[in-house]
Structure formats: structure tokens, C-alpha cells
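Residue strings, one per chain:
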Amino acid sequence: MMNPFNPSISTPSGIWNPLVWILVFLLSLLIAYVIYLKGEKQRKKGMQEEIFLSGNKADGNTHIKASNIGWGYLEAMKGYYKLMRDIHTGIINDYVGWFLGVLATMLLIFLFWGGVR
Amino acid sequence: MSVWDFIITNAPALAIAVPLLGAFLTPLIYRAGRKTALIWVLSVLGFTEFLALLLVYLVNTYGIQVYVFGGNPSTLAIPPDSGGIPIRIIFTVDGMSAFTALISSTIGLVAGIYSVASEKGRGAQDKFFALLLLLVVGMMGMALTGDLFNFFVFLEINSLSAAALVSYRIHGGKAVEAAFKYAVVSSIGALMILFAIAILYGEYDALNMAMIAERMYQTGFSAMDMIAMALIVVTLAMKCGAVPMHYWVPDGYGEAPGEISAMIMVASQASLYGLFRMCFTVFGLSANTHSLGWFLIILGLLSMFIGVTMAFLQHDIKRLMAYHSVSQTGYMLLGVGVGLATLGTSAFNQYGLFAMEGGIFHILNNMLYKGLLFLTAGAIIYRVGTSDLNKMGGLAHTMKFTAIFYLIGALAIAGIPPFNGFVSKLMIYESVYQLNPFLAVVAAIVSMLTLASFLKVFHSAFMGPKLYNVKEVPKSMLIAMGILSFFIVLFGIFPNIAMTYLVAPAAHALADPVGYITRVLGGGA
């Protein structure tokens, strides 16, 4: 019978128990709080507490739009995304074309690798 | 026979009949007023959910349930005068069928509750709710039937009702275009499946899945079987949104109302169920499952990676989530594909079965967190009136509950403990690593990109200065999101509940095609 108070899941190389994880997480929060309490009490007010975005002082109403988030990643992956954009045409004929292409590929795989168990 | 006995005996048929009757009566009952119609629709959905839970209980307690339409008794799969052939429509409910039926009815009920407020004031609601119930019928039917032609019929009900619901909000023609694309792709897929069924029927004189599997095993896997298998497998892979046949997904999910996106996402899982059922039960004994498994693994890898990278590019919240659905389907294909690739070898018991359990657990988790995320997206659009993330910001100031629900869904999909997504992902990582470490590395990278993508949404929509002076969404929408959030947390902290009663029975049922065939051809009792 299942014991609801023992939520352990055995994996091929270990064990996962969410209750243990929660306990460790709470403990780490406690440790973090203790470190915070022991922090520098003489910190300077003013500039250290102000918000900066890319070196520019931001007022309280600054908001980064979705299209600007991850710019560096998108720029680095520009070639990949160009290919992806080219493939995603939005044309229904292409959708069906890809479907038929995969169908043919699967048949070829089974033809060459053998279909019988 | 008491009412309770009647319900237990006929539970598989009632699970279809109740929402079907509900769908056709809804437009009539709507004439008595919206409130009466809503009570009717929610009662039907609630009773269907009860029937799905009952099926899970019956399968877990008594094993595979066989229900013969018109049979006397209803378990008489092979009548004495039939020549040893199962001649009637037969529903065969094993752990995997019951599991899929339960997730289908659950998302239907949650979507119904959500729609009480989200669709208020819109036109043609009688047809909306009728179609919603028909979509539940399609999903449940695909999960419960043991007959190939019947499967095709329910697939069609599923596709047609989903296409109609995608176009429910016309949205300047965009929704209609998306529905048209979905309908075209689904129709071509359905034709291919019908062609495959005709091939199998011509070869084996049977439409029952168990009978076809048994005869295929006896006579050997022929070239025609290979063609039929390719037609079925590739079509169902397309219907579940696997790359590179996923193009309809962002169109369809992106334009549908939030709760319908969640439902279509689970309808795709019903196709995934069909894919697994065909691969394991119908073709599993005869075909080369190693090649078939690797075919699913490769589709899974492509879906995971291309899905998540395309999602990061989007600034439309619904399209972004749609691409994530593609990515999540990849995890399921990967997990179950590893199980299929190792079927019948010693590796299956070492890690293959565990990979399958991970993949199936991920189906349940995906229904919960992806459903929740689509509902939160619907809630945002409901208040803000746009799905463009570039125009959003600061919604957490006023939509606090929606923000919390979104965060729960986002952390769960990204695989952050202690939410449910972590458990199934851990199961998949650990098991697929043993087949090939590269698979686990890709899966882990995809998970990181998923987190990045959902943090982008959280920042864009909820953080920052208050751009909109909007209120929180109505209570019925919050209740629907709350139900899914509750189960995300519950199955995250107590994964053993889902594993014991839903996931393990489903995985073991799939991995045992002989048990399925024997139960049907052995008389069904």
C-alpha cells in the first residue's frame, strides 16, 4: 500500500524526496537570513540603493519590453533564427509538405533498417 | 439492477454518452437562460469527471475493462456465433486509457468553470458550450475505444470541434485562418489514418485493435503493415504537434480563447495517447520497436529544442506558450520513445520502463501546468485586451492571484522543485541518460531555456510600473486556475500519489500488449 507521508521516488541512480528538499530549502533560507543579519550595518544611504540599467540611472517607470529581453542570445543565434523564420512560412501547402516529407522519411527508415521485430 | 450497478457496468459507455447527450441538449437548454445552461454544462462535465475517476478505480482494482456495445453481457467480446472474431464496437479500458480519459475530463471541467466568466457577454455561447462538450467526447472516445474505425470517428469529432472552437473569436479573420489551417491539416491526417485502417482491414478482416495485433503477429509484419504504420504514426505525431509537423500549433493555440487552448493542448495529448497505443499495442508485437522508438526519440529531440527556441523569440503570449507545448510534447515523445526502443530487452527493466513512466507522468503534469499557463494567458488577455507582451507590464500590482498562479505554472514547467514538472523531468533525464547521455543534455538545456522564456513573460507582463488600471479576473476564472495550481503543488510534493494510481498503471498497461490482447480475445471477462 502507498504511504502518502513517504513521497519518495526511486530513480535508476538515486532517490527523490520532495519533503527533504523543502526542509533543506527552508534551512538554507534560515542560513541566508542569519548571514543577512550579520551584514554591514554601516552601509551608505543614497547612490548604493539606486537602480541602474546598463549604467544609466533608471527612474521608477522604466520597463524593458519583451522584444528587448534576451537580445544578446538572439543576436548570437541570428543564423539559426534566420533559418527557423524561413522554415516557418505560415503557408498551409508547406505544412502538408513537411508532413509528407516525414512520412516518406519514416518509410525509408523502416525500409533500410528493417521493419520486422 | 440498482442505479449504482448500472453506472459501474456501463461506465465506459456512459463516459462518452453523458457528454455527447450533454452537447446536443445544451443549445436547447440554453433557451431556458444562460444560468440554467451553465448549471447543465458544469453538471455534465462534473459527472463525466466522476465517470473517468470511476474508470481509473475499476481498472486499478479489477484490471482491463472490456465493454461491448450491444453485447449481452456487456463484456462478451467474442459471441459464440461470431467465428472467433470480435464483431461489435468494443471499448477496452486499461491503465493508459483511463489515465487519458481522466486528464481529458479534468481539463474539460476546468475549462467549463473558467468559461462561466471568460465567455460572459459573448455571442453564440450555446454553440460554444456544445462544442466544448463535443471536444471532451472526442478526447474520451479516442482514449477508451478498442476499435480502429471508432478511433478515427472520435479523432474526427475531436478535430472538428477543436477547429470550430479555434475560430470562436473571429479576431479580424486571424482566428478563422488558424481554424482553417487546423482543419486542413487535420482532414489530411484523418484521410491518411482512414487509408491505413482500410489497409489493415483488407489484410486482417478486423477493426478491433487486439484482433489486428494478434493476426499481424501470427502472419508476420508485411510491407503493407509498414505503410499503414507509417501513415498512422506520422499522422498522430503531427496531431500531437511534433516537429517538423508542428506549424499548425502556434496558429491554433494562439488564436483560440485561453481555456480552449488548454483543451486543444490536451486534445493533442489524446493523439499522443493514440500514437503510443498504436506503437505498443497494435504494432508493438510485430514491428521493429527499436527503430520505431528511435523515430519517436528523434521527433522528441527536435520538438524539445525547436519548440523552446522558437518560443523564446515570440512576443505574443499565446504563441509563446504554444511553442512551449511543442517543446513539452518532445519530453513525452523522448521518455516513451526510450521505453519503446528498449522494449523486449534487458534495458527495458533497467531504465526503459522508468523513462516511459517519466514520459507519461509528464503528460499529466503538462496538462496541469500548461493548462494553468494558458488560463493565466487568457486572464491577462481578458483584462488587458491584447496578447502582445510588448504592450504589457505591471499587472502584478492589481492581478495578484493571476500573477501567483502564473508563477506556479512557470516554475512547474521549468522543472523547479518542489513543483510537479521537476519530478517527471528528473525521471526522464535519469533514464534517457542511460540510453544516450546526449539526450539528457539536450533535455536539461531545453529546461533552462524554458525557464528563461517564462521569466521573460513574467517580467514583461507582471513586473515593472503599473501600465494598466485593471482589476483581478472574476472568481470562476480564479477557481479554475486555483484547481490546477492545487494539483501542481500536490503532485509536486506527493508525486507518489500520481505515480501509484495513475502513472505506473498506465506505463505497465502500455508495456503489456499481450495482456491487452488476451483480455479482449480471451472473452473480455
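Quantities reported herein were computed from a predicted structural model and do not represent experimental measurements. (Residues numbered from 1 in each chain as written. Chains lettered and ligands numbered in written order. Predicted model: local features only at pLDDT ≥ 70, side-chain atom pairs only at ≥ 80, totals over all residues. Heavy atoms only, no water.)

1. Digging into the overall build of chain A
So, step 1. Counting its regular elements, chain A contains four helices and four strands.
So, step 2. Helices and strands in chain A line up, N terminus first, as β-β-α-β-β-α-α-α.
So, step 3. Relative to the compact-globule value of 13 Å for 117 residues, chain A shows a C-alpha radius of gyration of 28 Å, a clear excess of over 25%.
So, step 4. Referenced to the eigenvectors of the C-alpha coordinate spread, the extents of chain A come out at roughly 75 × 55 × 20 Å. (Helix = DSSP H or I, 4+ residues; strand = E, 2+ residues; numbered from the N terminus. Rg over C-alpha atoms; globule rule 2.2 N^0.38 Å.)

2. So, the overall build of chain B
So, step 1. When its secondary structure is counted, chain B shows 20 helices and two strands.
So, step 2. For chain B, the C-alpha radius of gyration of 22 Å lies close to 24 Å, the compact-globule estimate for 525 residues.
So, step 3. Oriented by its inertia axes, the alpha-carbon framework of chain B measures out at about 70 × 60 × 40 Å.
So, step 4. Within the span of chain B, comprising 525 residues, buried residues form 67% of the whole.
So, step 5. The contacts in chain B between residues at least 6 apart in sequence include a share of 81% that link residues at least 24 apart.
So, step 6. Accessible surface, chain B: about 15900 Å² in total, of which carbon and sulfur atoms supply 68%.
So, step 7. Averaging the coordinates of the 25 positive side-chain charges in chain B and doing the same for the 22 negative ones gives two points 16 Å apart. (Buried < 20%, exposed > 50% of the residue type's maximum accessible area, 1.4 Å probe, protein only. Contact = heavy atoms within 4.5 Å. Areas by Shrake-Rupley, 256 points an atom, 1.4 Å probe, with all protein chains shown as cover. Lys, Arg positive; Asp, Glu negative; His and termini not counted. Charge placed at Lys NZ, Arg CZ, Asp CG, Glu CD.)

3. Describing the interface of chain B and chain A
So, step 1. The partner chain A presents 53 residues to the 71 residues of chain B that form the contact.
So, step 2. Together, the buried faces of chain B and chain A total about 5400 Å²; carbon and sulfur atoms form 75% of this surface.
So, step 3. At the junction of chain B and chain A, the tally comes to zero salt bridges.
So, step 4. At the boundary of chain B with chain A, the tally comes to 14 residue pairs in polar contact (both at pLDDT 80 or more).
So, step 5. If one sorts the elements of the side of chain B that touches chain A by residue count, helix α12 (residues 289–313) of chain B sits on top with 10 residues.
So, step 6. Per-class residue counts for the side of chain B that touches chain A are 46 nonpolar, 21 polar and four charged. (Buried area = accessible area lost by both parts, 1.4 Å probe. Salt bridge = Lys/Arg side-chain N within 4 Å of Asp/Glu carboxyl O. Polar contact = N/O pair within 3.5 Å; in protein donor to acceptor, adjacent residues only side chain to side chain. Nonpolar A, V, L, I, M, F, W, Y, C, P; charged D, E, K, R; others polar.)

4. Focus on the packing of aromatic side chains
Residues and elements named next belong to chain A.
So, step 1. For the structure on display, the rule yields 27 aromatic pairs over all chains.
So, step 2. A ring pair is formed by Tyr-33 and Tyr-36, whose centres lie 6.2 Å apart and whose planes are at 25 degrees; its orientation type is stacked. With a gap of three residues between them, Tyr-33 and Tyr-36 both fall in helix α1 (residues 18–37), about one helical turn apart.
So, step 3. Given the relative accessible area of 48%, Tyr-33 is considered partly exposed.
So, step 4. With a relative accessible area of 63%, Tyr-36 lands in the exposed category. (Phe/Tyr/Trp six-rings, centres within 6.5 Å; stacked < 30°, edge-to-face > 60°.)

5. Focus on the layout of surface pockets
All names here are of chain B.
So, step 1. Looking at the largest pocket, its volume works out to about 670 Å³.
So, step 2. As for the largest pocket, its lining consists of 28 residues, and the residues nearest its centre are His-171, Gly-254, Glu-255, Asp-316 and Ser-387.
So, step 3. Mapped by element, the contributors of at least two residues to the lining of the largest pocket are α4 (95–118), α7 (174–204), α10 (248–255), α11 (258–282), α13 (317–341) and α14 (346–384).
So, step 4. Examining the composition of the lining of the largest pocket, we find that four residues originate from one element, α7, more than from any other.
So, step 5. A class-by-class count of the residues in the lining of the largest pocket yields seven nonpolar, eight polar and 13 charged.
So, step 6. Quantified by volume, the second largest pocket comes out at close to 400 Å³.
So, step 7. As for the second largest pocket, its lining consists of 19 residues, and the residues nearest its centre are Leu-53, Leu-102, Phe-487, Phe-491 and Leu-502.
So, step 8. Its residues assigned to classes, the lining of the second largest pocket comprises 16 nonpolar, two polar and one charged. (1 Å grid on protein atoms, 1.4 Å probe; cavity = no way out; pocket = protein on both sides within 12 Å on 5 of 7 lines; lining within 4 Å. Points joined across faces, edges and corners; volume = space filled by probe spheres on them.)

6. Examining the packing of α13(B) against helix α16 (residues 420–435) of chain B
Residues and elements named next belong to chain B.
So, step 1. The geometry of α13 relative to α16 is characterised by a closest axis approach of 10 Å and an angle of 50 degrees between their N-to-C directions. Relative to α16, α13 is oriented oblique. Of the two possible hands of crossing, α13 and α16 adopt the one that is left-handed. Residues Gln-328, Tyr-331, Leu-334 and Val-338 of α13 lie in contact with α16, whose contacting residues are Lys-425, Ile-428, Tyr-429, Val-432 and Leu-435. (Axes fitted to C-alpha atoms, helices over the stretch in contact; angles between N-to-C directions. Parallel < 35°, antiparallel > 145°, perpendicular 65-115°, else oblique. Left-handed = near helix turned anticlockwise from the far one by under 90°.)

7. Focus on the pairing of strand β1 (residues 65–68) of chain B
Residues and elements named next belong to chain B.
So, step 1. Every second residue of β1 is oriented toward a common face, with Gln-65 and Tyr-67 on one face and Val-66 and Val-68 on the other, all of them buried.
So, step 2. Pairing of β1 with strand β2 (residues 90–93) involves four bridges; the strand directions are antiparallel. In the sheet register, Val-66 faces β2, and the bridge partner there is Thr-92. (Pairing = 2+ DSSP bridges.)

8. As for the nonpolar core
Soluble, globular proteins show a tendency: their nonpolar side chains are buried together.
Residues and elements named next belong to chain B.
So, step 1. Residues Phe-276, Phe-283 and Leu-364 are the most contacted members of the largest nonpolar core, which totals 213 residues.
So, step 2. Among the elements that line this core, the one with the most residues is α14, at 19 residues.
So, step 3. In contact with Phe-283, not counting residues within four places along its chain, are Leu-200, Met-216, Phe-221, Asp-225, Ala-228, Met-229, Ile-232 and Met-278.
So, step 4. Judged by nonpolar contacts, the second largest core, of 21 residues, contains Ile-297, Leu-334, Tyr-429 and Val-432. (Core = buried A, V, L, I, M, F, W, Y, C linked by side-chain atoms within 4.5 Å.)

9. What to know about the packing of helix α6 (residues 148–166) of chain B against α7(B)
All names here are of chain B.
So, step 1. One way to put it is that α6 packs onto α7 with a least axis distance of 9 Å and a crossing angle of 175 degrees. It follows from the interaxial angle that α6 and α7 lie roughly antiparallel. Contact residues: α6 offers Leu-148, Phe-149, Phe-152, Leu-155, Glu-156, Asn-158, Ser-159, Ala-162, Ala-163 and Val-166, while α7 offers Ala-175, Ala-178, Ala-179, Tyr-182, Ala-183, Ser-186, Ala-190, Ile-193, Leu-194, Ile-197 and Leu-200.
So, step 2. In terms of residue class, the contact of α6 with α7 is made up of 17 nonpolar, three polar and one charged.

10. Re a nonpolar patch on the surface
So, step 1. A contiguous nonpolar patch, built from Leu27(A), Leu30(A), Ile31(A), Val34(A) and Ile35(A) and spanning about 480 Å² of accessible area, is present on the exposed surface.
So, step 2. Mapped onto the fold, Val34(A) is located in helix α1. (Patch = residues over 30% accessible without salt bridge, like charges linked within 9 Å, V, L, I, M, F, W, Y side chains within 5 Å.)

11. Regarding helix α17 (residues 437–462) of chain B
Because an α-helix packs 3.6 residues into every turn, residues spaced three or four apart end up facing the same way.
All names here are of chain B.
So, step 1. With 26 residues, α17 should cover 38 Å at 1.5 Å per step; its first-to-last C-alpha distance of 37 Å lies within 8% of that length.
So, step 2. With a side-chain oxygen lying 3.0 Å from the backbone nitrogen of Phe-438, the N-terminal cap of α17 falls on Asn-436.
So, step 3. Remark: Gly-464 follows α17 within two positions and exhibits a positive phi of approximately 85 degrees. (Expected span 1.5 Å × (residues − 1).)

12. Overview of the pattern of salt bridges
Residues and elements named next belong to chain B.
So, step 1. In total, this model carries nine salt bridges over all chains according to the counting rule given.
So, step 2. Asp-94 is the partner of Arg-277 in a salt bridge, and the nearest nitrogen-oxygen pair spans 2.6 Å. Of the two residues, Arg-277 is situated in helix α11 and Asp-94 in the loop between β2 and α4; the sequence distance between them amounts to 183 residues. Considered together, Arg-277 and Asp-94 belong to a single accessibility category, that of buried residues.

13. Points about the environment of Leu134(B)
Residues and elements named next belong to chain B.
So, step 1. In this fold, Leu-134 is placed in helix α5 (residues 125–144).
So, step 2. Here Leu-134 falls in the buried class, since its relative accessible area comes to 19%.
So, step 3. As a C-alpha pair, Leu-134 and Leu-21 span 113 residues in sequence and 9.3 Å in three-dimensional space.
So, step 4. Apart from the residues lying within four places of it in its own chain, the contact partners of Leu-134 are Leu-20, Ala-23, Ile-157 and Ser-161.

14. Focus on the side chain of Asp126(B)
Residue and element names in this part refer to chain B.
So, step 1. Structurally, Asp-126 is set in helix α5.
So, step 2. Relative accessible area serves as the criterion here: at 14%, Asp-126 is assigned to the buried category.
So, step 3. Apart from residues no more than four positions distant in its own chain, Asp-126 is found in contact with Thr-26, Pro-27 and Tyr-30.

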